[in-house]
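So you can see what is in the structure, the chains are spelled out below.
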Amino acid sequence: MSIIRSQVLGCGAFLPETVLTNEELSARVDTSDEWIAARTGIRRRHVAAEGEKTSDLALKASRAALSRAGIGADELDLIVVATTTPDETFPATATRVQAELGMTRGAAFDVQAVCSGFIFALSVADNFIKAGQARTVLVIGAETMSRLLDWNDRTTCVLFGDGAGALVLHAGEGEGGIADRGVLNTKIFSDGRMHDLLYVDGGPSSTQTTGHLRMQGKEVFKHAVTNIAAAIEASAHDAGVTISDIDWFVPHQANQRILDGTARKLGIPPEKVISTVADQGNTSAASVPLALATAVNDGRIKQGDLVLLEAMGGGFTWGAALLRW
Ligand code: ACO
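These figures come from a predicted structure and were not determined experimentally.

## Let's talk about the sheet that holds strand β4 (residues 78–82)
Strands sit in the order β1-β7-β6-β4-β5 across an open sheet of five strands; the sheet is mixed. Each end of this open sheet is capped by a strand with a single partner; those strands are β1 (3–14) and β5 (107–111). When the angles between neighbouring strand axes are averaged without regard to direction, this sheet yields 20 degrees. Where β4 meets strand β6 (residues 136–144), five bridges bridge the pair, whose relative direction is parallel.

Written out as structure tokens, the structure is:
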């Protein structure tokens with residue numbers, strides 16, 4: 001039986017030019033390279049320049065993805081941007097990207113699921129394609145997390161970075177089995193009771209300010225490995241694959257210790273784990289497509305490989321996706 005599969009045509013990424021090292025951060029707040037590296041694995045992160053917006057990063061990642069895909073923006077039916085740092089409260093950052101790309105038909109909108117945003121956006125795109133409502137979709141994760149940070153709070157400002165990644169998906173055909181190319185499944189979850197563990201203390205309808213990121217890091221850490229592992233097990237079980245079938249594990253890049261803990265819990269060998277956390281920090285919704293683009297560009301992920309994505313973030317939200325590249 002032939003079914004519709006959302007197949008990847010190309011991916012791209014963009015990181016702002018400015019790099020902020022742990023040493024440079026140590027001059028601003030009471031921290032050290034040793035502390036940050038030992039607790040998180042992070043050594044440096046990219047930070048957007050003054051005036052450089054989330055849509056600017058998204059646009060550059062999108063152009064790279066479209067070029068890789070070998071298609072023009074006029075062939076897109078839909079743009080979904082995952083971001084928690086939109087240019088403006090409205091309209092959606094996706095519509096800005098749409099205009100800049102010169103796409104004058106179809107639709108563009110944002111998805112807000114914080115660090116899990118890219119998995120949620122991928123899920124939305126995959127379902128639009130499977131339902132026959134779109135054939136070609138640009139899925140973007142783009143963030144300027146530096147704008148949400150309290151730069152005097154050492155417990156949060158050392159963790160995050162800016163960047164963007166994008167994926168072009170196109171409706172293809174499959175047999176309905178795990179050998180099919182494309183998205184095999186997506187699993188998304190949320191639990192609003194966990195709000196207070198990770199949130200931004202501002203917004204248009206509460207304080208009329210942008211606010212700053214607030215987090216109970218230890219508590220978030222405790223939930224992360226359990227939630228992520230459960231999403232991965234649900235995804236693998238539903239798709240009918242075993243963990244040993246997976247060629248590449250592309251996790252949300254929150255913290256090297258979370259990556260290692262999840263891989264260990266699931267029995268994924270370290271050489272199959274894509275990690276960019278040392279050079280990029282946690283770029284929220286951008287981290288999964290940035291890591292994907294890194295491993296595709298350096299030749300690790302190849303056509304036909306089985307790739308597992310996962311993320312967890314504020315809300316809480318979390319999820320996983322399996323795709324054959
Ligand atoms: N530099 C130096 N010391 C620091 C810093 C810093 N940047 N930040 C905190 N400390 C101090 C604390 O004040 C504390 O001091 P005290 O013992 O005198 O009170 C001590 O270091 C230990 O602090 P903890 O919070 O217990 O440190 P922990 O080992 O839990 O590490 C961290 C903190 C890195 C935030 C960790 O909890 C973590 O990574 N949590 C996950 C959070 C996360 O990834 N969030 C991202 C969004 S959600 C997601 O993406 C999964």
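## Side note on the environment of Ile4
Within the fold, Ile4 resides in strand β1. Among the residues examined, Ile4 registers a relative accessible area of 36% and is labelled partly exposed. Along the chain, Ile4 and Ala171 lie 167 residues apart, while their C-alpha atoms are 6.2 Å from each other. Once you skip the residues sitting within four places of it in the chain, Ile4 turns out to touch Ile129, Lys130, Ala171 and Gly172.

## Quick look at the domain arrangement of the protein chain
When the domains of the protein chain are assigned, the result is domain 1 (3–174) and domain 2 (182–324). Put simply, the middle of domain 1 and the middle of domain 2, counted by C-alpha atoms, are 14 Å apart. Tallying the contact residues gives 54 residues for domain 1 and 49 residues for domain 2. Both sides together, the interface formed by domain 1 and domain 2 hides about 3900 Å², and carbon and sulfur atoms give 65% of it. Three residues stand out in domain 1 for area buried against domain 2, namely Cys115, Ile119 and Leu148, and they jointly supply 17% of the buried area on that side. On inspection of domain 1 and its partner domain 2, the count reaches three salt bridges. Notably, a salt bridge pairs Asp279 with Arg44, separated by 2.3 Å at the nearest N-O pair. Here domain 1 is connected to domain 2 by 21 residue pairs in polar contact (both at pLDDT 80 or more).

## Some words on the pattern of salt bridges
Under the criterion given, the structure shown has 15 salt bridges. One salt bridge in this structure joins Asp180 and Arg5, with 2.8 Å as the shortest N-O distance. One end of the pair, Asp180, is in the loop between β7 (162–174) and β8 (182–190); the other, Arg5, is in strand β1, and 175 residues separate them in sequence. Grouping residues by exposure puts Asp180 and Arg5 together as buried. With a closest N to O distance of 3.7 Å, Asp56 and Lys53 form a salt bridge. Bridged by salt links that share partners, the residues Asp150, Asp153, Asp201 and Arg214 form one connected network.

Cut-offs applied
- Per chain, residue numbering runs from 1 following the sequence as it is written.
- With the structure being a predicted model, the display of local features is reserved for residues of pLDDT at least 70 and the display and counting of side-chain atom pairs for 80 or more, all residues being used for whole-chain, interface and lining totals.
- Water and hydrogen atoms were dropped before computing side-chain values, which therefore reflect all heavy atoms in the structure.
- Any two strands with at least two DSSP-identified bridges between them are counted as paired.
- Runs of E in the DSSP output that reach at least two residues are strands. Runs of H or I that reach at least four are helices, and both are numbered from the N terminus.
- To obtain each axis, a line is fitted to C-alpha atoms, and for helices this fit is confined to the stretch in contact; angles are then taken between N-to-C directions over 0 to 180 degrees.
- When accessible area is computed with a 1.4 Å probe and restricted to protein chains, residues below 20% of their type maximum are described as buried, those above 50% as exposed, and intermediate ones as partly exposed.
- Here a residue-residue contact requires only that any non-hydrogen atoms of the pair lie within 4.5 Å.
- Where each domain begins and ends is defined by an automated method or by a domain database.
- Here the buried area means the combined drop in accessible surface, using a 1.4 Å probe, for two parts upon being joined, counting both sides.
- When a carboxyl oxygen of Asp or Glu is within 4 Å of a side-chain nitrogen of Lys or Arg, the pair counts as a salt bridge.
- Polar contacts, as used here, are pairs of N or O atoms within 3.5 Å; protein pairs need one atom able to donate a hydrogen and one able to accept it. Residues neighboring in sequence count only if both atoms are side-chain atoms.

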